[in-house]
Amino acid sequence: MWSPAKVLVFALVAASSFISVHLLEFCQSPEGDCHSPDNTASSSQLSPQTVKSRWNISVSNLIKDLNQFRVSCKKLIEAFPIDEVDGNFARSVKNCIFSKSTPTPLKGPLRLGAASQDVVEGILDLDLAVTRSDDFLRYASGSRLLAGSVPLAHRYGGHQFGYWAGQLGDGRAHFLGQYTNRKGEVWELQLKGSGKTPYSRSGDGRAVIRSSVREFLCSEAMHFLGVPTSRAASLIVSDEPVMRDQFYNGNVKTERGAVVLRLAKSWFRIGSLEILAQSGEIELLRKLLNFVIDEHFPSIKSDDPDKYLVFYSTVVNETAHLIAQWMSVGFAHGVCNTDNFSLLSITIDYGPFGFMESYNPNFVPNTSDDEGRYSIGAQANVGLFNLEKLLMALRPVLSTKQQKEAKIILKGYADIYHMRIHQRFKAKLGLLGEEEEDGYLIAFLLKMMEDTQSDFTMTFRQLSEASAQQLHNSNFTQMWALEDLSSHKLFSEWLSMYLLRLSRQQNDSELDRQLRMKNVNPRYVLRNWMAESAISKAEANDFSEVVLLYHTLSFPFVTQETAEEVDYAARPPLWAQRIKVSCSS
C-alpha cells in the first residue's frame, strides 16, 4: 500500500498565487512574433490584441553605441575590503570579499552563438543590432572592459556533496560591474568562462561550448517558465582549444572555449557567508550581511535588532518556494551545493541539470552523482541541509535567544514546502478552492505516473488540452503521454475522482479550466536531448537550433508550429536515454 503523503514529499511545488495571463493559442513564428505568459505583474495584463510581442521596445530608446554603456563597481569596492594581493594565480585568500582579477581574452576568431533579445533590450537597454558588432564580441568575451568596469572575482566557500570544501570562489567568472537600467533595476553583469582567477585552483578558468549552450538556454528557459533565475545575455564562442575529461574516465578531449555574459540582481550565495564564519572573520560577515539586507531585502529595517533573524526567516521561506517551483516544472539542478544556493533564492550556476522526462522521484541528471544525493526527489531535503549550514554561518551574529528562534523557523521549512507543493499541483490540475481529498488526488496521479513511467511535462500539458468529452471517453488519440497513463489499472478510478472534483467547481467553464491549466503547464521544456542536438550543431558552428530553442523556450506555454515540426512536444527519441551530463564543463 502506497502512502499519498510519501508521494507528495517527492512531488514537484509552486507559487502561493498564480497570475492570470493572456496568450495566443497557436504561434506560427519561431521569431518571437507572439505573446505568451511572462509570469510578471507588469506583463500579466497585456493581451495579444494590444501587444504583438514582448519585445516591442522602441528602438529609438535603446543604446546603439556600446561606448555609451556604463557599469559601476563603486558600491561593492567601497563597501568591502579588496584582496591586497594582485594577480590571477591560485592562492588562499583572507579578510576580503573580492579579489581584483582581469579576464583573459579568448583566443582565435570570436563568434556570437546566440543573444537573448529579452535581456539585451529589456534589461540592458541595448539595441539588439549591437550584438552583431565586433565591439560587442570583445566586451562580452572579456577582450575589452566596459566603461566603469573594475573586474572582480568573488571569494566564497561551500559544502559540496555534504562536506565542507573550504575556499572555492569564482574560478572562471568575472564580475564586470552593476548596471542600472532605465526602469531603475540594478543588475550585476558577470562573464563565465573568462579565464583564471585567484580561485581557479587547478582549473584553467574556461568553459566549453556544450556547457555554455546549456547555461544560456536554461537560464532563459527558466525565466520564461516563471522560475526565479539568473539571466543570460549572450553566448560567445571561439576556436581556443580547451582540454576536458567530460566523464572523469581518463578520456581527455579537445573542445572549444566559450563565454556566457550572465546577469543577476546578486551573485551572493550561502557559501559567501560560510567562508567568513569558517575563517572567523565575523566583522566582515556582519558587514556582508548588512550589505545584502540593505540592498536586497528592503522590507527589513536596518535598525531592527532581529534583522538577521528576519533575513534568515525570509531565506528559509523563499528557498522552499524556489525548490517547489523547480519541482513544478520537473527541474533537477544537479549540484545543490551551498555554494550554488543564492541568498536571493534564485536559480544560479547551471551545470549538470536536467528536466525529468518519465516521472521518477529518483531521477538524477548528473552522472557524477553516484549516490543520487541530488536526485529530483531529494531536492527539498537538500534545501533543508543547506539552510542548516546557513544557520551555522549566522550563529556568530545571533544571540542565544535568536539562535533558538532560528531553529524553530527552520523546523517550519517542511510545512512551507508542502504547502507550496500542494498549491502548485492543485493549479496544475486546474483545481479551485480546497477540498479534503485534493492531496490524495494529486498523490494518486503521481503514483500512477511513476508506475507507468508517464512523461511528466506532457501528462500535465495534455490534461490541460483535453476537453471534458475526451476525458469522459478516455479518448486520447494523439495524446501519447495520456495514453501511457491510461494503461494503469487504476486510471479509470482516478479519472472518475478527478472529473467529479472538477464538476463541483461552480462557474468554472471548460475553456477557463483549460486556459488556467495551460498557463502553468508548459508544452516545452529544455529536455537534455534537445540541448544535445543543439550542442552537436553548435560545435560545428551551426547555431540555428540554439536560436530555435531560445525562441521556443521563450514561449513555453504556447503551441508553436515550428517547434511541433521538430518534435519538441513529441515522445523523446530512444537515443535520449543514453545522454549523460556531468560536472565537467
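All of these numbers come straight from a predicted model, not from anything done at the bench. (Residues numbered from 1 in each chain as written. Predicted model: local features only at pLDDT ≥ 70, side-chain atom pairs only at ≥ 80, totals over all residues. Heavy atoms only, no water.)

**Focus on the overall build of the protein**
A count of helical and extended segments in the protein gives 20 helices and 14 strands. A total of 585 residues make up the protein; the buried ones form 59% of that total. Carbon and sulfur atoms form 49% of the exposed surface of the protein, whose accessible area is close to 23200 Å². (Helix = DSSP H or I, 4+ residues; strand = E, 2+ residues; numbered from the N terminus. Buried < 20%, exposed > 50% of the residue type's maximum accessible area, 1.4 Å probe, protein only. Areas by Shrake-Rupley, 256 points an atom, 1.4 Å probe, with all protein chains shown as cover.)

**Let's talk about unusual backbone geometry**
In the Ramachandran plot, Asp125 falls in the positive-phi region, its phi being about 60° despite a non-glycine side chain. With respect to the helices and strands, Asp125 occurs in the loop between helix H3 (117-122) and helix H4 (134-139). On the basis of relative accessibility, which here comes to 4%, the residue Asp125 falls in the buried class. A positive phi angle, near 65°, is found at Asp567, a position not held by glycine. Considering the arrangement of structural elements, one finds Asp567 in the segment after helix H20 (561-565).

**So, the packing of helix H5 (residues 209-224) against helix H18 (residues 528-538)**
Packing of H5 against H18 leaves a shortest axis separation of 9 Å and a crossing angle of 130°. Comparing their axes, H18 and H5 come out oblique. Like other packed secondary-structure pairs, H5 and H18 cross with a definite hand, here right-handed. Across the interface between the two elements, Ile209, Arg210, Val213 and Arg214 of H5 pack against Asn528, Ala531, Ile535 and Ala538 of H18. (Axes fitted to C-alpha atoms, helices over the stretch in contact; angles between N-to-C directions. Parallel < 35°, antiparallel > 145°, perpendicular 65-115°, else oblique. Left-handed = near helix turned anticlockwise from the far one by under 90°. Contact = heavy atoms within 4.5 Å.)

**Structural notes on the environment of Val292**
Residue position: Val292 is located in helix H7 (residues 282-296). Relative accessible area serves as the criterion here: at 1%, Val292 is assigned to the buried category. Between the C-alpha atom of Val292 and that of Leu343, which follows or precedes it by 51 residues, the distance is 8.5 Å.

**What about a positive patch on the surface?**
The grouping of Arg395, Lys404, Lys407 and Lys411 at the surface amounts to a positive patch. Topologically, Lys411 is positioned in helix H10 (residues 400-411). (Patch = residues over 30% accessible without salt bridge, like charges linked within 9 Å, V, L, I, M, F, W, Y side chains within 5 Å. Salt bridge = Lys/Arg side-chain N within 4 Å of Asp/Glu carboxyl O. Lys, Arg positive; Asp, Glu negative; His and termini not counted. Charge placed at Lys NZ, Arg CZ, Asp CG, Glu CD.)

**A short note on the packing of aromatic side chains**
This model, assessed by the stated rule, comprises 26 aromatic pairs. Put simply, the rings of Trp326, Phe331, Phe341, Tyr350, Phe353 and Phe355 pair up and form one aromatic cluster. The side chain of Arg269 reaches across the aromatic face of Tyr156, ending 4.4 Å from its centre. (Phe/Tyr/Trp six-rings, centres within 6.5 Å; stacked < 30°, edge-to-face > 60°. Lys NZ or Arg CZ within 6 Å of the ring centre and 35° of its normal.)

**Quick notes on the confidence of the model for the protein**
A residue-level look at the protein finds 89% of positions with pLDDT of 70 or above and a mean pLDDT of 90. Below pLDDT 50 for its whole length, residues 1-52 participates in 147 contacts with residues either more than four positions away or in separate chains. (pLDDT = per-residue confidence, 0-100.)

**Digging into the pairing of strand S5 (residues 157-160)**
Direction of pairing for S5 relative to strand S6 (residues 163-167): antiparallel, over a ladder of three bridges. In the sheet register, Gln160 faces S6, and the bridge partner there is Tyr163. (Pairing = 2+ DSSP bridges.)

**Notes on the packing of helix H8 (residues 307-328) against helix H11 (residues 413-428)**
Contact pair H8 / H11: the axes reach a minimum separation of 9 Å and the direction vectors enclose 35°. Taken as a pair, H8 and H11 cross one another with a handedness that is right-handed. On H11, the residues touching Val316, Asn317, Glu318, Ala320, His321, Ile323, Ala324, Gln325, Met327 and Ser328 of H8 are Tyr413, Ile416, Tyr417, Arg420, Ile421, Arg424, Phe425 and Lys428. Residues belonging to the contact of H8 with H11 are distributed by class as follows: 10 nonpolar, four polar and four charged. (Nonpolar A, V, L, I, M, F, W, Y, C, P; charged D, E, K, R; others polar.)

**Examining the environment of Lys94**
Along the chain, the position of Lys94 falls in the loop between helix H2 (74-79) and strand S2 (98-100). Considered as a pair, Lys94 and Arg155 are 61 residues apart in the sequence and their alpha carbons are 8.8 Å apart. Aside from chain neighbours lying at most four places away, what touches Lys94 is Arg155, Ser279 and Glu281.

**Description of the nonpolar core**
Residues Phe268, Leu273, Phe311, Trp494 and Tyr498 are the most contacted members of the largest nonpolar core, which totals 127 residues. Element by element, the count of residues in this core is highest for H8, at 12 residues. Setting aside chain neighbours within four positions, we find Tyr498 in contact with Leu429, Leu431, Leu441, Leu463, Leu471 and Met517. Counting residues in each nonpolar core, the second largest holds 27 residues, with Leu106, Ala115, Leu137 and Tyr139 among its members. (Core = buried A, V, L, I, M, F, W, Y, C linked by side-chain atoms within 4.5 Å.)

**Observations concerning the pairing of strand S8 (residues 186-192)**
Counting buried positions along S8 gives six out of seven residues, so the element sits mostly inside the fold. Connecting strand S7 (residues 173-180) to the next strand, S8, in antiparallel fashion are five residues, including Gly184 with a positive phi near 85°.

**Points about the side chain of Thr459**
Here Thr459 shows up in helix H13 (residues 456-465). In this structure, Thr459 is in contact with Met449, Ser454, Ala481, Leu482 and Leu485, ignoring residues within four places of it in sequence.

**Digging into H13**
Counting buried positions along H13 gives nine out of 10 residues, so the element sits mostly inside the fold. Within the span of H13, buried status applies to Phe456, Thr457, Met458, Thr459, Phe460, Arg461, Gln462, Leu463 and Ser464. A distance of 3.3 Å separates the backbone nitrogen of Thr457 from a side-chain oxygen at the start of H13, and that oxygen is part of Asp455. (Polar contact = N/O pair within 3.5 Å; in protein donor to acceptor, adjacent residues only side chain to side chain.)

**As for the environment of Leu485**
With respect to the helices and strands, Leu485 occurs in helix H15 (residues 480-485). Under the relative-accessibility criterion, Leu485 is labelled buried at 0%. With 34 residues separating them in the primary sequence, Leu485 and Asp451 have C-alpha atoms 8.7 Å apart. The contacts of Leu485, once residues within four sequence positions are left out, are Leu445, Met448, Met449, Thr452, Ser454, Thr459 and Phe491.

**Topic: the pattern of salt bridges**
For the coordinates displayed, the defined rule picks out 30 salt bridges. A salt bridge links Arg231 to Asp118; the shortest N-O distance between them is 2.9 Å. One end of the pair, Arg231, is in strand S10 (residues 231-244); the other, Asp118, is in helix H3, with 113 residues separating them in the sequence. Overall, Arg231 belongs to the buried group, its relative accessible area being 3%. Note that Asp484 and Arg571 form a salt bridge whose closest N and O atoms lie 2.8 Å from each other.

**Quick word on H11**
Over its 16 residues, H11 extends 23 Å from the first C-alpha to the last, a length consistent with the 22 Å expected when each residue adds 1.5 Å. Along H11, the positions that sit buried rather than exposed are Tyr413, Ile416, Tyr417, Arg420, Ile421, His422, Arg424, Phe425, Lys426, Ala427 and Lys428. (Expected span 1.5 Å × (residues − 1).)

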